[in-house]
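# Descriptive analysis of the structure
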Amino acid sequence: MGTRKMRERQEELWYGGELPTAAGHPFYKRLNEVLDKAKFDSFCETACAGFYHNRLGRPSLPPGQYFRVMMIGFFEGLDSERGIAWRVADSLTLRQFLSIGLDETTPDHVTISRTRRLIDGETHQRIFTWMLEQLAQAGLIKGKTIGVDSTTLEANAAMKSIVRRDTGESYMTYLKRLAEAEGIQAQDAAALLRMDRKRKKKSSNADWKSPSDEEAEITKLKDGRTALAYKAENAVDMETGAIVAVTTHSGAAADTTTVKATVMEAGMAVAGLIAEKTPAGEYAVHPDGIKEVVADKGYHSNDVMVGLAEMGVRSYVAEPDRGPRNWDGKPAEKRAVLGNRRRVQGERGKRLQRQRGERIERNFAHQFDTGGLDRLFVRGLENVHKKFLIQAAACNLALLLRSRYGSGKPRAAHDRASELILMILAVIKTVQDLFVSELAHFRPHHLGFCQSQGRWLVLPPAENRPV
């Protein structure tokens, strides 16, 4: 296995001025300092030791370097591994961040994707859990109140390529068979499309699949388009904004069917962090684990309310307007739903619902908008889950950097430095204006040079001087 220690080598016998160098981005320098202090590389090499051979094969991509490469996608806003490979090859700063010499070849997208497929999802989960431990030690995880929300991302498969699950025929072949049954000219493509527009659409996942990605499902995206997609669901600490759990599902999975698995995953993650201490020796994580769950009205149902009550957590789930309810024979459902309604309508419930946009939606914006993962370029539920885990781990790492240095991304660090420079210039300009305004009160003839004292003195006006 190519470890970081094995890659250390003696400097080349060249004068420093003969090789191109870069000052290096201060953000990536701080990022490497944080990772090195926490011994990130040694942890990754221990976790991934079973996937590498010590001697056979060509030099591999070291585990610590691989996870750094994947995080670059988040920090640079790149959506594909091919784009990450191009960016690394072009940047001296990223070469320094990855400890790649000028005479070394940067990893191409084939090496990156091959390493991702080689390392299983459980190991990616361990890296995500390691990042949670760093947040807990910094006091950035409380674990008492979590918020749950989800989003859908377009899969790396086209709707026009879907086929029937029973017969394997394509969509156009299926339309031709329907047209022939109705006596329409099947060879006319325009007529087939007109017929398809008029008939009632039933693109059911039970009938259709993608031959290239069978685990992707047909669903409606946030922008209104119908596409093959996957669903990412996050559990977020409502006090700090840290992502404590990530689950991945097929695109058509309903929120009410996936929330229990996400809450259970978050509960196990928080329980494993209770023993973590902060540098001050305090236990920041809530000792009783998760006690409250916040979600929007898409998660509200009788089964969800009863399930959360059975798990021993208080629900703050927004309730849609369903009109009068019939509770005959449903005492448990009535008790759970009315209890949730009472909590949501209270002051704490209203405050938690207002915080959802700040704590949960902002994380989605960091991960999938500015983080570059607005579309998937990998296939299969396991590969998609790996991408989501690394993206969430990088988002948590950005939270840690933001708490220490004030910026969690390179662009934010640059903007912060620019603001500081402008602030210094503004202070200099203000001092200069004050100095000029003070000098304006003294006319030139108010100053006189004293020969005996050897310095300039402020003299009164000529009309007030003693004769």
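Residues numbered from 1 in each chain as written. Predicted model: local features only at pLDDT ≥ 70, side-chain atom pairs only at ≥ 80, totals over all residues. Heavy atoms only, no water.

### A look at the overall build of the protein
Which entries qualify depends on this criterion: Numbering of helices and strands runs from the N terminus, with a helix taken as a DSSP run of H or I at least four residues long and a strand as a DSSP run of E at least two residues long. In this scheme, a residue with accessible area under 20% of its type's maximum is buried, one over 50% is exposed, and one in between is partly exposed, where area comes from a 1.4 Å probe on protein chains only. We call two residues contacting when some pair of their heavy atoms lies within 4.5 Å. Accessible surface area values rest on a Shrake-Rupley calculation with a 1.4 Å probe, where residue burial reflects the displayed protein chains alone.
The number of helices and strands found in the protein is 16 helices and 10 strands. The burial tally for the protein puts 45% of its 467 residues in the buried class. Long-range pairs, those at least 24 residues apart, make up 69% of the contacts in the protein between residues at least 6 apart in sequence. As displayed, the protein has an accessible area near 25600 Å², and 53% of this comes from carbon and sulfur atoms.

### So, the pairing of strand S7 (residues 292-295)
Here is the rule we go by: Criterion used throughout: strands pair if DSSP finds at least two bridges between them. Seen with its strands pointing away from the viewer, a crossover is right-handed if its path from the first strand over the helix to the second goes clockwise.
Neither face of S7 is open: one carries Glu 292 and Val 294, the other Val 293 and Ala 295, and all of them are buried. Both strand S1 (residues 145-154) and S7 contribute to a ladder of 3 bridges, which runs parallel. Bridge assignment links Ile 146 to a residue of S7, and that residue is Val 293. In the sheet, S7 pairs with strand S8 (residues 314-317) via 4 bridges, with the strands oriented parallel. Residue pairing in the sheet places Glu 292 in a bridge with Arg 314 of S8. Read from S7 through helix H12 (residues 302-310) to S8, the crossover connection turns out right-handed.

### Overview of unusual backbone geometry
Both trends apply: most residues other than glycine have a negative phi, and most peptide bonds are in trans. Of note in this structure, Lys 39 is not a glycine but carries a positive phi near 60°. Structurally, Lys 39 can be placed in the loop between helix H2 (26-37) and helix H3 (40-47). What makes Lys 39 exposed here is its relative accessible area of 59%. Of note, Ser 99 is a non-glycine position whose phi angle comes to about 60°, a positive value. As for its position among the elements, Ser 99 is in the loop between helix H6 (92-98) and helix H7 (109-118). Look at Ser 99 and you get partly exposed, because its relative accessible area is 35%.

### Describing helix H8 (residues 121-137)
Heads up, the rule is: Expected span of a helix, by definition, is 1.5 Å for each gap between consecutive residues, and there is one gap fewer than residues.
The first and last C-alpha atoms of H8 sit 25 Å apart over 17 residues, in line with the 24 Å expected at 1.5 Å per residue. Listed as buried for H8 are Gly 121, Thr 123, His 124, Ile 127, Phe 128, Trp 130, Met 131, Leu 132, Gln 134, Leu 135 and Ala 136. Count one or two residues on from H8 and you reach Gly 139, which has phi positive near 75°.

### Notes on the pattern of salt bridges
Spelled out, the test is: Here a salt bridge means any side-chain nitrogen of Lys or Arg lying within 4 Å of a carboxyl oxygen belonging to Asp or Glu.
Taken as a whole, this structure holds 14 salt bridges when the rule is applied. Among the ionic pairs, Glu 81 bridges to Arg 116, the shortest N-O distance being 2.5 Å. On the criterion of sequence distance, the pair formed by Glu 81 in helix H5 (residues 81-90) and Arg 116 in helix H7 is long-range, its members being 35 residues apart. Residue Glu 81 is classed as buried on the basis of its relative accessible area of 10%. For Arg 116, a relative accessible area of 5% corresponds to the buried category. Among the salt bridges present, the one from Arg 177 reaches Glu 169, with a minimum N-O distance of 2.5 Å. Classification of Arg 177 as partly exposed rests on a relative accessible area of 42%. Among the charged side chains, a salt-bridge network with shared partners connects Asp 36, Asp 41 and Arg 68.

### Side note on the packing of H2 against helix H4 (residues 63-76)
Rule in force here: To obtain an axis, a line is fitted to C-alpha atoms, over the contacting stretch when the element is a helix, and the angle between two such axes runs from 0 to 180 degrees between their N-to-C directions. An angle counts as roughly parallel when it lies under 35 degrees, as roughly antiparallel when it exceeds 145, as roughly perpendicular when it falls between 65 and 115, and as oblique in every other case. Crossings are sorted by hand: turned counterclockwise from the far helix by less than a right angle, the near helix makes the crossing left-handed, and turned clockwise it makes it right-handed. Residue type decides the class: Asp, Glu, Lys and Arg count as charged, Ala, Val, Leu, Ile, Met, Phe, Trp, Tyr, Cys and Pro as nonpolar, and the leftover types, Gly among them, as polar.
At a closest axis distance of 13 Å, the pairing of H2 and H4 adopts a crossing angle of 140°. The orientation of H2 relative to H4 falls into the category oblique. Where H2 crosses over H4, the two elements pack in a sense that is right-handed. Only Arg 68, Phe 75 and Glu 76 of H4 make contact with H2, whose side of the interface consists of Phe 27, Tyr 28, Leu 31, Asn 32, Leu 35 and Asp 36. Counted by class, the contact of H2 with H4 contains 5 nonpolar, 1 polar and 3 charged residues.

### Overview of the side chain of Gln 391
If you trace the backbone, Gln 391 turns up in helix H15 (residues 381-405). Residue classification places Gln 391 among the buried positions, given a relative accessible area of 6%. Those residues in contact with Gln 391 that sit more than four places away from it in its chain are Phe 74, Gln 367, Gly 371 and Leu 373.

### Topic: the nonpolar core
Put simply, the test is: Put simply, buried Ala, Val, Leu, Ile, Met, Phe, Trp, Tyr and Cys residues joined by side-chain atoms within 4.5 Å make one nonpolar core.
Among the nonpolar cores identified, the biggest contains 104 residues, and Leu 31, Phe 75, Phe 388 and Leu 397 are the most heavily contacted of them. Among the elements that line this core, the one with the most residues is H15, at 13 residues. Apart from the residues lying within four places of it in its own chain, the contact partners of Leu 397 are Leu 31, Val 34, Leu 35, Met 71, Phe 75 and Met 131.

### Focus on the environment of Ile 274
Tracing the backbone shows Ile 274 in the loop between helix H11 (255-271) and S7. Among the residues examined, Ile 274 registers a relative accessible area of 24% and is labelled partly exposed. Separated by 132 residues in the primary sequence, Ile 274 and Lys 142 place their C-alpha atoms 9.1 Å from one another. Excluding residues within four positions of it along the chain, Ile 274 makes contact with Tyr 283, Val 285, His 286, Pro 287 and Gly 289.

### Overview of the side chain of Arg 356
Put simply, the test is: When charges are counted, neither His nor the chain ends are considered; positive counts come from Lys and Arg and negative counts from Asp and Glu. N or O atoms within 3.5 Å of each other form a polar contact, as long as, within protein, one can give a hydrogen and the other can take it, and as long as residues adjacent in sequence are counted only when both atoms are side-chain atoms.
Position of Arg 356 among the secondary structure elements: in helix H14 (residues 347-369). Of the side chains bearing the opposite charge, Asp 296 lies closest to the buried Arg 356, which forms no salt bridge; the N-O distance is 4.1 Å. One polar contact links Arg 356 to Gln 353, side chain to side chain, over a distance of 3.0 Å. Setting aside residues no more than four positions away along its own chain, Arg 356 makes contact with Asp 149, Met 238, Val 294, Ala 295, Asp 296 and Glu 361.

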